[in-house]
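Remarks on the overall topology
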Amino acid sequence: MSIQIQRKPGAPLAQTIHIGEHELCADVSAAEGGGDEGPSPHDLYDAALGACKALTVMWFAKKRNIAVDDVHTEVLRDSSQERNGVYKLSTRLVISGSFSEAELAQLTAVADKCPVHKLMTSVTTEITTTVERAA
């Protein structure tokens with residue numbers, strides 16, 4: 001899979017992101033020299049965790065016929081120690097529906113096992129970067 005990213009025409013820093021048929025924008029705040037035209041890369045990283053947890057809970061509930069109506073997810077960031085190698089994310093899922101305490105326990109367990117949570121905490125990510133001069 002390839003994700004294509006290119007500077008948004010006319011924007012100081014904003015990037016247009018193409019993922020399959022989807023398009024979104026990433027930027028930084030005006031204070032950082034951007035135009036605040038979209039979430040920052042840190043915001044997207046954090047949002048990936050929250051979205052993955054919500055999608056995983058909804059998928060699991062559907063698969064197990066657990067009566068979940070909705071999931072509201074909040075992600076809080078503490079980046080105060082990021083330069084020291086500690087980046088803290090706290091997630092809170094509020095799940096509505098008619099399900100038992102035992103089913104809530106299952107949903108809680110599965111939320112901690114979403115694929116992005118695992119990527120962020122359990123694997124080594126190897127990144128290679130190539131920088132080339134445009135022709």
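Everything numeric in this text was worked out from a predicted model, so none of it was measured. (Residues numbered from 1 in each chain as written. Predicted model: local features only at pLDDT ≥ 70, side-chain atom pairs only at ≥ 80, totals over all residues. Heavy atoms only, no water.)

**As for the overall build of the chain**
Regarding its fold elements, the chain presents three helices and five strands. Beginning at the N terminus, the succession of helices and strands in the chain can be written as β-β-β-α-β-β-α-α. Its C-alpha radius of gyration of 18 Å places the chain more than 25% over the 14 Å reference for a compact globule of 135 residues. In terms of its C-alpha atoms, the chain occupies a principal-axis envelope of roughly 60 × 35 × 30 Å. Counting every position in the chain, which comprises 135 residues, the buried fraction comes to 21%. Long-range contacts, defined as pairs at least 24 residues apart, comprise 40% of the intrachain contacts of the chain with a sequence gap of at least 6. With the model as given, the accessible surface of the chain reaches about 10000 Å², and the carbon-plus-sulfur share is 52%. Taken as two groups, the 13 positive and 18 negative side-chain charges of the chain have centres that lie 5 Å from each other. (Helix = DSSP H or I, 4+ residues; strand = E, 2+ residues; numbered from the N terminus. Rg over C-alpha atoms; globule rule 2.2 N^0.38 Å. Buried < 20%, exposed > 50% of the residue type's maximum accessible area, 1.4 Å probe, protein only. Contact = heavy atoms within 4.5 Å. Areas by Shrake-Rupley, 256 points an atom, 1.4 Å probe, with all protein chains shown as cover. Lys, Arg positive; Asp, Glu negative; His and termini not counted. Charge placed at Lys NZ, Arg CZ, Asp CG, Glu CD.)

**What to know about the layout of surface pockets**
In this structure, the largest pocket occupies an estimated 240 Å³ of space. Forming the boundary of the largest pocket are Tyr-45, Ala-48, Val-116, Leu-119, Met-120, Val-123 and Thr-125. Looking at the lining of the largest pocket, the elements with two or more residues in it are α1 (41-63) and α3 (115-122). For the lining of the largest pocket, the element with the most residues is α3, which contributes three residues. Taken together, the residues of the lining of the largest pocket sort by class into six nonpolar, one polar and no charged. Size it by volume and the second largest pocket reaches roughly 160 Å³. Forming the walls of the second largest pocket are Ile-3, Ile-5, Ile-17, Ile-19 and Ala-26. Going through the elements one at a time, β1 (3-7) and β2 (15-19) are the ones with two or more residues in the lining of the second largest pocket. Taken together, the residues of the lining of the second largest pocket sort by class into five nonpolar, no polar and no charged. (1 Å grid on protein atoms, 1.4 Å probe; cavity = no way out; pocket = protein on both sides within 12 Å on 5 of 7 lines; lining within 4 Å. Points joined across faces, edges and corners; volume = space filled by probe spheres on them. Nonpolar A, V, L, I, M, F, W, Y, C, P; charged D, E, K, R; others polar.)

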